[in-house]
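Report on the structure
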Amino acid sequence: MSNEAVVHAHGAVATHEGHGDHHHEHHHHETFITKYVFSQDHKMIAKQFLITGMVWAVLGGLMSVLFRLQLGYPDATFPWLEDILGKWAKGGRITQEAYYALVTTHGTVLVFFVLTAGLSGTFANFLIPLQVGARDMASPFMNMLSYWFFFAASIVMLSSMFVETGPFSGGWTAYPPLSALGDASPGSKTGMDMWLISMALFVVSSLLGGLNYIATVLNMRTKGMSMTRLPLTIWALFFTAVLGVLSFPVLFSGFILLIFDRNFGTSFYLSDIFINGVGALPNEGGSAILYQHLFWFLGHPEVYIILLPAMGMVSEILSVNSRKPIFGYMAMIGSLFAIAILAFLVWAHHMFVTGLNPFLGSIFVLLTLLIAVPSAIKVFNWLTTLWRGNIRFTPGMLFAIGFVSLFISGGLTGIWLGNSALDIHLHDTYFVIAHFHIVMGVASMFGMFAGIYHWFPKMYGKYLNNTMGYIHFWVTLAGAYLIFWPMHYEGLAGMPRRYYDYSIWESFKQFVELNRFISTVAMIVFAVQLLFLFNFFYSIFKGRKVTSLNPWGATTLEWTTPINPGHGNWVGEIPEVHRWAYDYGKDGKEFIAQTTPVGADESEHH
Amino acid sequence: MTMFLTIAVIVLIFVVIFQIAKASEYVSVLKGEEVSRKQNNKINGFLMIGFLVLGLFGVWYCNELYYGKTLLVHDAASVEGARVDSMLWVTLAVTGIVFILTQIVLFWFAYKYQESENRKVFFFPHNNKLEVIWTVIPAIALTVLVVIGLRNWFLFTGEPPQNAMVVEVTGKQFGWIYRYPGKDGSFGKKYYKNIDNASNSLGLIWDDKLGHDDVVMEQTMYLVKGKPVKLIIGSRDVIHDVGLVHFRMKMDAVPGIPTTMWFTPKYTTKEMKEITGNPNFQYEISCDQMCGNGHYSMKGVIEVVDQEEFDAWMVKQKPYYVQQFPEKDPAAPKAVADTAAKTASVKPVEAAKKAVAKM
C-alpha cells in the first residue's frame, strides 16, 4: 500500500514507544506485523474495524438473502442450497432450525458487529484524533486490544456456525428460558455457549474502545479546540461512547446470570418450567422478565449507539457539501445530549406486552414519545442547512440526504410503536421490522456509507469511483424503500415476525406475491453492495489519486494533515484552532478553516 | 444450469458497470474535473426531484395494492380494538402529514439549491425563533397523542367489567391449552411439578376441590359475543405470546408470572365470515414471541358464538378431573369406573399431595 509511504517525517511522535521516550527527526522502523496487524495507529485500527465490519456485513447480508429465499419462495427447492448448507437445507429447502439460526445470527451480527464495531469502531477511531487535533488515542495499546477482542469475538461467533447442533437460534435478543435451555431448542446448546462467549468478548472490546474515545475527546483536544468548537461528528461519537460505557456492563451482567442459569443450576431467570421429553425442571422463583430489563437497558441505548455516529457524520457532510454552516449547532449538541439521556429512560417500551405494571408502562410511553422532540429538531435543522445552500452531490452527500429521508420515514413510525396502546396491536409484527430496519438499520448504513465516501480520500489517499457510487446510492435508496415500505402493510395485517412459513395461517397467507417481490429486491440490493465492495477495494489500489490536501473544501483539522498521514498525523506542531468547524460561506468566503485566526474585520464570531 | 447462467449475467452486468464507471472517470479527466463534476451534479439534482415524484407515486400505488389486504378494511372484532383503530388513524394522520411535508421539503431543497455559480450561500448559523417553533409544535402534537394513547392504555390494562368471563390460556411448545373455571367460577390450584402430558397437562392439584369442575381443552377456545372476557395467561415452558390480531390485542405468556388481558368480542365467527367475505375465516391465536423452531406453527383458534350456543356447548364439556377419574363423576354410576384407570391415576394424586405438602 503505497499510500502509507509518507510516514513519520519531521517531528512525528512515536506514541507506542512507551515511557514517554519520543523519537524525533528520524524514520521510525515498522515491520509488517506492527504496521498492519498489531498496529497501534488509530487510523490503521479504524481500517481494521472497517474491513472486519465489511466482512460481517457481507455474511450478515448473505444470511438475510438466504432466509428471504425461504420467505419469498416457501414451496420452491434450490438444490444448490443443499450443496452449500448440507443438512441445514435438506432437499434444497432451508430447514426451520437453519431459518431461525440465520435470522438470529443476521440480527446479532448486523447490530453488534457491523453497526456498532464497524460503524463507531471505524469512525471514532479514525476521526476523533484527526478532528480534535491529537496524535493518537489516549491509549493506543488499549485501542489495539479493543480491535483484537472484537476479532476474537468474531472468530468465536463464526465458529458457532459450524457446531453440530447449530448456532444459536432464539432471536438476537436471546430471551430466556428459550436461550437458557438446550432442551427447548437445539440452538440453545453449544451454539448459545459460543454466542455468549462471543458477546462477552465483544463487550470487552466495546468498553476498551469507548473509554479510550471518551478520554481522548476530553483530554487530548489541541490548543484552542474548546468543546463547543468540536465538529458534530465528535460530539456524536462522544455521546455514543458514553452510552456504550454505561450500558454494556449491564448487558454483561445479564449475560453472566444467563451463564449461571445455563451451567450452574441457578434460577435467576427460570421458574415453573416443564419441558416436553424432559419433565419439570427444579428451578423456581426466577423471573424471565428480569433478563429483558437487563437486556433492553443496553438494547435501547444500543439503538442510539448505532444511530448517533451516523447523525454526527451526516451533520458534518451535509454542511460541508451545502457549503453552509450546520443550522443550530448548539441545538444539535443539545438534541444529541437529550437523546443520550432519554436513551437510558425508555428501555421498557420494548416490553409493553410482557405484563409490565401499567403505570410504569405509561411513564415509558411519555419518555419514549419525548424522544421525538430532539429528533424533530435534528431533522428540521438538517433541512434548514440545505436551504439556500450550494449543494454538491458527492456520493457522500447523496448518502447523507438519503439518511435524512430514511430517518424521517422510520422515525415517524416510532411514534406509533412508542404509544403502548397502539403497540399492543403492532408489537412483534412486520410493522416493527419495517420501523427498525429503516430508522436504525438502513439509515445507519447510509450514515456509514456517507462516512466512507467522504473520508475515503483521507483513509487511502485515493477517491472512490463516483459513477459506481451514484449507482450504489440510487439503487440502494430505492431498494431500501421497496423492501421495507410494503412491510408496513404486512404489519397492519398483523403478520408476526420470525415465522418460517405463513401458509397455514388464514390471517397472514395473503402476502405470497409481496414476499416474493421483497425477496427479489433484497437480492438486487445485496448485489449492489458487492459493487460497492468492489469499488472500495479496487480504489484502494487503483483509484484516482488525491492531489490536494483538502478535496472537499472542509474546515476541519483532518484536512490539514498530509494526504497520507503517518502515525502521529501531523508533521511538526499540531495546528492551533481559532474558530468553530462551520464557517462556510461566511463574509463571502467559500470556507474558513478552523486553523485560520479570526480576522479583525470579521462579522459575528463563534 | 440456470444458476450458472444467472451468475454469468450478474458478472456481465458488473463488468459493464465497471467499464462505464472507469470510462466516465477518464472522460472527466479529459473534459476537466470541474466540468464533469458539474454535469454529475445536474444529473443527481434532477434524480432527486425524480425520486420524490416517483416515491410519492409509489407510496400511493403501494397503498392501492395492499391496503385491501390489511385488517383496516374491516371493523376491529372487539370493542376495545375499535379504539386501537381510531387511535391508529389519528396517529397516521399526524405522522402522514409530517412525512409528506418533510420528504417534499428535503428533496425539493436538494434539487432547488443544487450548486449554481450565481448563488451566494446564505450564512445562517442559527435562529432561536425557528428553533423554538419546531421544538414546541412537535411537543404539542405528541402530548395529544400521548393523552389519547394513555387513556386507551389504562382502559386496556385496567380491571375488566364485573360481568366478564374468565379463561386461562397456557402456552407450551407449540400449542395452547385453555381452562374454564366451571360452574363454581373459580380455578383450582395447580403446580407445575404435577404436569404430566398424558394425564394432567396443566399440573392441577387434585386435592383442591375448586378444580374438580374445571374444563380443560386444546385447539379451540369458545367465547361469547358481547361478553367481556378476561384471559389469564401463562406458559409451561418458554415465553410465548397470545396474539389476537382481529381483536387488536396481544400479551406475553411468561413461565412463572401470570399476565392478564381482557376484551369484548363484537362479532361471532359466523358474522366475521360474512364481514370479511372469507368462508374460511377464523379468529386465530398467533404466537408472537420467538419460542423455538416450531414458533411459526403455534396456532390456536377462537370460536366466538352467542350466549345460547355457548351454554349448549359448555354443558357438553366434561370437567378435566372427571375425564381423568371417571369413577368420581357424580353424573355417572359408580360401577362404570374401570380398574385400569384407577391404577393409572394413583401416581399423579400422590405427587400432588406431596407438592401441596411442600408448598
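Residues numbered from 1 in each chain as written. Chains lettered and ligands numbered in written order. Predicted model: local features only at pLDDT ≥ 70, side-chain atom pairs only at ≥ 80, totals over all residues. Heavy atoms only, no water.

Helix and strand counts for chain A stand at 16 helices and two strands. Computed over C-alpha atoms, the radius of gyration of chain A comes to 25 Å, within 12% of the 25 Å expected from 2.2 N^0.38 for 606 residues, which places it in the range of a compact globule. Oriented by its inertia axes, the alpha-carbon framework of chain A measures out at about 80 × 50 × 50 Å. Residues counted as buried form 69% of the 606 residues belonging to chain A. Taken as a whole, chain A presents about 18,200 Å² of accessible surface, with 68% of it coming from carbon and sulfur. Here chain A holds 30 positive side-chain charges and 34 negative ones, and the gap between their average locations is 8 Å. (Helix = DSSP H or I, 4+ residues; strand = E, 2+ residues; numbered from the N terminus. Rg over C-alpha atoms; globule rule 2.2 N^0.38 Å. Buried < 20%, exposed > 50% of the residue type's maximum accessible area, 1.4 Å probe, protein only. Areas by Shrake-Rupley, 256 points an atom, 1.4 Å probe, with all protein chains shown as cover. Lys, Arg positive; Asp, Glu negative; His and termini not counted. Charge placed at Lys NZ, Arg CZ, Asp CG, Glu CD.)

This next bit is on the packing of helix 4 (residues 96-132) of chain A against helix 5 (residues 140-160) of chain A. All names here are of chain A. In contact at an axis separation of 12 Å, helix 4 and helix 5 are set at 160° when each is read in the N-to-C sense. The orientation of helix 4 with respect to helix 5, classified from their angle, is roughly antiparallel. When you trace helix 4 past helix 5, the crossing you get is left-handed. Residues Thr108, Val109, Phe113, Ala117 and Asn125 of helix 4 form the contact with helix 5, whose participating residues are Asn143, Phe150, Ala153, Ser154 and Met157. Among the residues forming the contact of helix 4 with helix 5, the class breakdown is six nonpolar, four polar and no charged. (Axes fitted to C-alpha atoms, helices over the stretch in contact; angles between N-to-C directions. Parallel < 35°, antiparallel > 145°, perpendicular 65-115°, else oblique. Left-handed = near helix turned anticlockwise from the far one by under 90°. Contact = heavy atoms within 4.5 Å. Nonpolar A, V, L, I, M, F, W, Y, C, P; charged D, E, K, R; others polar.)

For the rest of this paragraph, the subject is the pairing of strand 10 (residues 299-305) of chain B. Residue and element names in this part refer to chain B. Strand 10 sits mainly inside the fold: five of its seven residues count as buried. Bridge count between strand 4 (residues 220-224) and strand 10: five bridges; the pairing is parallel. Bridge pairing links Thr220 to Val301 in strand 10. Strand direction decides the pairing type here: strand 9 (residues 283-287) and strand 10, joined by four bridges, are antiparallel. Its bridge partner lying in strand 10, Glu284 is registered against Val301. (Pairing = 2+ DSSP bridges.)

Moving on: the UniProt feature "transmembrane region" (unreviewed entry) in chain B. All names here are of chain B. Under the present numbering, the feature "transmembrane region" (unreviewed entry) in UniProt falls on residues 47-67, 88-111 and 131-150. With 95% helix and 0% strand, residues 47-67 has end C-alpha atoms that lie 28 Å from one another. Along residues 88-111 the backbone is 100% helical and 0% strand, and the end-to-end C-alpha distance reaches 34 Å. (UniProt positions renumbered as here; feature names shortened; annotations may be inferred.)

Looking now at the side chain of Arg392 of chain A. For Arg392 of chain A, the position within the fold is in the loop between helix 11 (372-386) and helix 12 (395-417). Among the residues examined, Arg392 of chain A registers a relative accessible area of 17% and is labelled buried. A distance of 3.1 Å separates the side chain of Arg392 of chain A from the side chain of Glu590 of chain A, its partner in a polar contact. A polar side-chain atom of Arg392 of chain A sits 3.4 Å from a polar atom in the side chain of Glu115 of chain B. Every residue in contact with Arg392 of chain A, bar those within four places of it in the chain, is listed here: Asn321, Arg323, Met397, Trp552 and Glu590 of chain A together with Arg37, Asn41 and Glu115 of chain B. (Polar contact = N/O pair within 3.5 Å; in protein donor to acceptor, adjacent residues only side chain to side chain.)

Here Ser405 of chain A shows up in helix 12. By relative accessible area, Ser405 of chain A is classed as buried at 1%. Along the primary structure Ser405 of chain A and Ala443 of chain A are separated by 38 residues, whereas in three dimensions their C-alpha atoms are 8.5 Å apart. If near-sequence neighbours (up to four positions away) are discounted, Ser405 of chain A is found in contact with Tyr481 of chain A together with Gln103, Leu106 and Phe107 of chain B.

Moving on to the nonpolar core. Note that soluble globular proteins tend to have their nonpolar side chains buried in a common cluster. Grouped together as the largest cluster of nonpolar side chains are 279 residues, with contacts concentrated most on Trp382, Phe403, Ile452 and Phe536 of chain A together with Met221, Leu231 and Leu244 of chain B. Residue-level mapping places this core at the junction of two domains, with at least three residues from each of domain 1 (40-114 + 132-158) and domain 2 (165-358) of chain B. Not counting residues up to four positions away in its chain, the partners in contact with Leu231 of chain B are Val167, Val169, Met221, Leu244, Thr259, Thr260, Met261 and Phe263 of chain B. Counting eight residues, the second-largest nonpolar core is a separate cluster that includes Leu204, Trp206, Val216 and Tyr320 of chain B. (Core = buried A, V, L, I, M, F, W, Y, C linked by side-chain atoms within 4.5 Å. Domains from an automatic or database assignment.)

Before going further, it helps to spend a moment on the packing of aromatic side chains. Within the structure shown, the criterion is met by 96 aromatic pairs over all chains. Where Phe238 of chain A meets Phe239 of chain A, the ring centres are 5.8 Å apart and the plane angle is 55°; that geometry is what we call tilted. The residues Phe238 of chain A and Phe239 of chain A share a single accessibility class, namely buried. Here the basic side chain of Arg388 of chain A rests over the ring of Trp387 of chain A, its NZ or CZ set 5.5 Å away from the ring centre. For the cation-ring pair, Lys299 of chain B lies above Trp505 of chain A, with the distance from its terminal atom to the ring centre recorded as 5.6 Å. (Phe/Tyr/Trp six-rings, centres within 6.5 Å; stacked < 30°, edge-to-face > 60°. Lys NZ or Arg CZ within 6 Å of the ring centre and 35° of its normal.)

Let us look at the UniProt feature "domain: Cytochrome oxidase subunit II copper A binding" (unreviewed entry) in chain B. Under the local residue numbering, the UniProt record ascribes the feature "domain: Cytochrome oxidase subunit II copper A binding" (unreviewed entry) to residues 162-316 of chain B. Along residues 162-316 of chain B, the helical share is 12% and the strand share 37%, with 26 Å between the first and last C-alpha atoms.

This paragraph deals with the pattern of salt bridges. All told, the structure shown has 29 salt bridges over all chains when counted by the stated rule. Residue Arg579 of chain A pairs with Asp583 of chain A through a salt bridge whose shortest N-O separation is 2.6 Å. With relative accessibility at 0%, the residue Asp583 of chain A sits in the buried group. Its salt-bridge partner being Lys266 of chain B, residue Asp75 of chain B comes within 3.8 Å of it at the nearest N-O pair. Of this pair, Asp75 of chain B sits in the loop between helix 2 (33-66) and helix 3 (79-112) while Lys266 of chain B is found in the loop between strand 8 (259-263) and helix 5 (269-276), placing the two residues 191 residues apart along the sequence. A residue is classified by how much of its surface remains accessible, and Asp75 of chain B, at 43% relative accessible area, is partly exposed. Lys266 of chain B sits in the partly exposed class, given a relative accessible area of 25%. The network of salt bridges with shared partners includes Arg323, Arg392 and Glu590 of chain A together with Glu34, Arg37, Lys38, Glu115 and Glu117 of chain B. (Salt bridge = Lys/Arg side-chain N within 4 Å of Asp/Glu carboxyl O.)

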